[in-house]
Amino acid sequence: MPDTAVLPVGDATLPPTGTYRLAGCVLERTPFPLLHRRIPTHGGSLSIGDETTLTLTDLITATVTVERRRRMRVTGWLDLRGRRHTLRLTARVVHVDDDGLVVAATGTAVASGRRRLRIETAMEFTR
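Let us look at the structure shown here.

About the criteria used
- Residues numbered from 1 in each chain as written.
- Predicted model: local features only at pLDDT ≥ 70, side-chain atom pairs only at ≥ 80, totals over all residues.
- Heavy atoms only, no water.
- Salt bridge = Lys/Arg side-chain N within 4 Å of Asp/Glu carboxyl O.
- Buried < 20%, exposed > 50% of the residue type's maximum accessible area, 1.4 Å probe, protein only.
- Pairing = 2+ DSSP bridges.
- Helix = DSSP H or I, 4+ residues; strand = E, 2+ residues; numbered from the N terminus.
- 1 Å grid on protein atoms, 1.4 Å probe; cavity = no way out; pocket = protein on both sides within 12 Å on 5 of 7 lines; lining within 4 Å.
- Points joined across faces, edges and corners; volume = space filled by probe spheres on them.
- Nonpolar A, V, L, I, M, F, W, Y, C, P; charged D, E, K, R; others polar.

What about the pattern of salt bridges?
Here comes step 1: Scanning the model with the defined rule gives four salt bridges in all.
Here comes step 2: Close ionic contact of Asp79 with Arg84 constitutes a salt bridge, the shortest N to O distance being 2.9 Å.
Here comes step 3: The class of Asp79 is partly exposed, set by a relative accessible area of 28%.
Here comes step 4: Exposure remark for Arg84: the relative accessible area of 46% places this residue in the partly exposed category.
Here comes step 5: Residue Arg118 is joined to Glu120 by a salt bridge in which the shortest nitrogen-to-oxygen separation is 3.8 Å.

Dropping the structure here:
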């Protein structure tokens, strides 16, 4: 299988209820086309339950809603450089197994009176 192949998703939208820790994350902002800047992350978690929440330490606090199979909406806050941005991402589950999941998301972050930032991320969560 080539390195760029997408991992199988299976039938599950999300793994069972519980808290999953962030195992790896690539989070980038794109203020202008073709210009990407990586945002460092320092841990986080995805809590799946009656209300599913996503937290990246000192960076993102968001609520996750499943819209349809393998598609999710992430809404919340991105704290970046001392400013709070309204965060809206569309996410999809690209891999699920018994111990975790991989999520890819894109969307926007907007601070009051500021230019809209495009956000792209891939996150892996494990038990």
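Some remarks on the pairing of strand 9 (residues 117–126)
Here comes step 1: Judged from the 10 bridges that link them, strand 8 (residues 100–110) and strand 9 form a sheet pairing that is antiparallel. Of the residues in strand 9, the one forming a bridge with Thr106 is Glu120.
Here comes step 2: What sits between strand 8 and strand 9 in their antiparallel hairpin is a turn of six residues, with Gly113 showing a positive phi close to 75 degrees.

A word on empty space enclosed by the protein
Here comes step 1: Here the structure, examined in full by the defined rule, presents one cavity of 30 Å³ or more.
Here comes step 2: Considering only enclosed or pocket space, the largest cavity measures out at about 60 Å³ in volume.
Here comes step 3: Looking at the lining of the largest cavity, the elements with two or more residues in it are strand 6 (71–80), strand 8 and strand 9.
Here comes step 4: Looking at the lining of the largest cavity residue by residue, the class counts come to 10 nonpolar, no polar and no charged.

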